[in-house]
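# Working through the structure, step by step
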Amino acid sequence: METTSPIERLLRGVALTLVVVFFMFPIVWIFLMSFQTNETILRIPPSVVFTPTLENYAALITGKLQTASGTLDIAFMRNLGNSVLLSVASVALALVLGVPAAYAFARHKFRGSEDIAFTLLSFRFAPPLLVLLPLTQYFQWLGLSNTYFGLIWIYQLICLPLILWIVRGYFEDISADVEYAYRIAGHSWFSTFRKIALPLAGPGIAAAGLLAFIFAWNNFVFALVLASADKQPVTVGALAFVTASGIQYGQIAAAIVLSITPTLALALYAQRYLVEGLSLGAVKG
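Residues numbered from 1 in each chain as written. Predicted model: local features only at pLDDT ≥ 70, side-chain atom pairs only at ≥ 80, totals over all residues. Heavy atoms only, no water.

## As for a nonpolar patch on the surface
- The grouping of L16, V20, M24, I27 and V28 at the surface amounts to a nonpolar patch, some 440 Å² of accessible area in total.
- Relative to the helices and strands, M24 resides in helix α1 (residues 6-33). (Patch = residues over 30% accessible without salt bridge, like charges linked within 9 Å, V, L, I, M, F, W, Y side chains within 5 Å. Areas by Shrake-Rupley, 256 points an atom, 1.4 Å probe, with all protein chains shown as cover. Salt bridge = Lys/Arg side-chain N within 4 Å of Asp/Glu carboxyl O. Helix = DSSP H or I, 4+ residues; strand = E, 2+ residues; numbered from the N terminus.)

Here it is, written out as structure tokens:
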């Protein structure tokens, strides 16, 4: 049985501490900035000793931003609500469409199936700027510009390929013999899919849904071009803090803290499913 010496344990602890500090320092610094004024943030040299204030959060919640040129109306909380609506609805639609499609690609091989699957995946990697101009024209022609339905539809370019390919891999890792035995007992294809395949791939579906939610939440370009201020998510709404009198760093930091809170809470809640889903199929017999 191998044992580690105290020096090795000490060096390992120091290395782990340095890694954690390196990755957590920006997050901690942003959190501290959210309780500071612009004057405190921009002072040289910077210091972690300051008098905290809640003015930045109060400005976001009330929608009144005090600047050197006057009071500006901002709709950050509305943008935050838009992000929740767009992300949840987009992931829900992608799951409804993508999970059955992933099962079909995993269990039923047909001519052109790989080409179709790869084409869907290519939508995920296509640069958004490549499709923005035709999408803008199509949306104006169909009357979908500046609508929640239009944004949820276009968010499928982000969510659907991701869910399709990730969940397809989980279905392929599940032995088909269990499903065949259930079908032989006289059950239908839909019953087999609902009662056997879905529960077995549940952690993988949860992990794929969480990743799709994060990607949808962080989207910027589509909402910037295809929606106006009252439909835009928080990623675009943060542009309101770049004002004529300067950049409001404190409000930006507070906005970042508030905007990452839903995704962080969701990740912590679904942590068990995320770990199980990402490790599913990692070890093969």
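Next comes the rest of the account.
## Focus: the packing of aromatic side chains
- Summed over all chains, the structure comprises ten aromatic pairs.
- Both rings, one in Y103 and one in F171, keep their centres 5.2 Å apart while their planes meet at 80°; by these two values the pair is edge-to-face. You can see Y103 sitting in helix α4 (residues 76-107) and its partner F171 sitting in helix α8 (residues 156-173), a full 68 residues away along the chain.
- With relative accessibility at 3%, the residue Y103 sits in the buried group.
- On the numbers, 5.0 Å between centres and 55° between planes, the contact of Y103 with F193 is tilted. A residue pair is termed long-range when its members are at least 10 positions apart, and Y103 in helix α4 and F193 in helix α10 (residues 189-200) qualify at 90 residues. One exposure class covers both Y103 and F193, and it is buried.
- An aromatic cluster is present here, built from F31, F35 and Y57 joined pairwise through their rings. (Phe/Tyr/Trp six-rings, centres within 6.5 Å; stacked < 30°, edge-to-face > 60°. Buried < 20%, exposed > 50% of the residue type's maximum accessible area, 1.4 Å probe, protein only.)

## Some details on the environment of T62
- Relative to the assigned elements, T62 resides in helix α3 (residues 55-62).
- Spatially, the C-alpha atoms of T62 and F125 are 39 Å apart, while their sequence positions differ by 63 residues.
- A distance of 2.6 Å separates a polar side-chain atom of T62 from the backbone oxygen of A58. (Polar contact = N/O pair within 3.5 Å; in protein donor to acceptor, adjacent residues only side chain to side chain.)

## A few points about the UniProt feature "transmembrane region" (unreviewed entry) in the protein
- When the UniProt feature table is mapped onto this chain, "transmembrane region" (unreviewed entry) is found at residues 12-32, 84-105, 117-136, 148-167, 204-229 and 249-270.
- Note that residues 148-167 is 95% helix and 0% strand, and that its end C-alpha atoms are spaced 26 Å apart.
- Between the end C-alpha atoms of residues 204-229 there is a gap of 35 Å, over a span that is 77% helix and 0% strand. (UniProt positions renumbered as here; feature names shortened; annotations may be inferred.)

## As for helix α5 (residues 113-125)
- Over its 13 residues, α5 extends 19 Å from the first C-alpha to the last, a length consistent with the 18 Å expected when each residue adds 1.5 Å.
- Along α5, the residues that are buried comprise S113, A117 and L121. The arc that holds the buried residues of α5, viewed along the axis, is 60°, so those residues lie on one side. With respect to the buried face of α5, the exposed residues turned more than 90 degrees away are D115 and F118.
- As for α5, its buried residues are in contact with α4 and α8. (Expected span 1.5 Å × (residues − 1). Arc of directions from axis to C-beta. Contact = heavy atoms within 4.5 Å.)

## Structural notes on the packing of α1 against helix α14 (residues 249-269)
- Interaxial distance between α1 and α14 falls to 8 Å at its minimum, and their mutual angle equals 120°. Here α14 runs oblique to α1, going by the angle between their axes. Crossing of α1 against α14: the hand is left-handed. Contacts from I30, F31 and M33 of α1 reach α14 at Y249, G250, A253, I256 and V257. (Axes fitted to C-alpha atoms, helices over the stretch in contact; angles between N-to-C directions. Parallel < 35°, antiparallel > 145°, perpendicular 65-115°, else oblique. Left-handed = near helix turned anticlockwise from the far one by under 90°.)

## With respect to the domain arrangement of the protein
- In terms of domain boundaries, the protein breaks down into domain 1 (6-63) and domain 2 (76-281).
- A straight line from the C-alpha centre of domain 1 to that of domain 2 covers 31 Å.
- Across the boundary between the two partners, domain 1 contributes 13 residues, which contact 14 residues of domain 2.
- Summing the contributions of domain 1 and of domain 2, the shared interface buries around 1100 Å²; its carbon and sulfur component is 77%.
- In terms of surface lost to domain 2, no three residues of domain 1 exceed I30, N38 and L60, which account for 47% of the buried area on that side.
- Our enumeration of links across domain 1 and domain 2 arrives at zero salt bridges. (Domains from an automatic or database assignment. Buried area = accessible area lost by both parts, 1.4 Å probe.)

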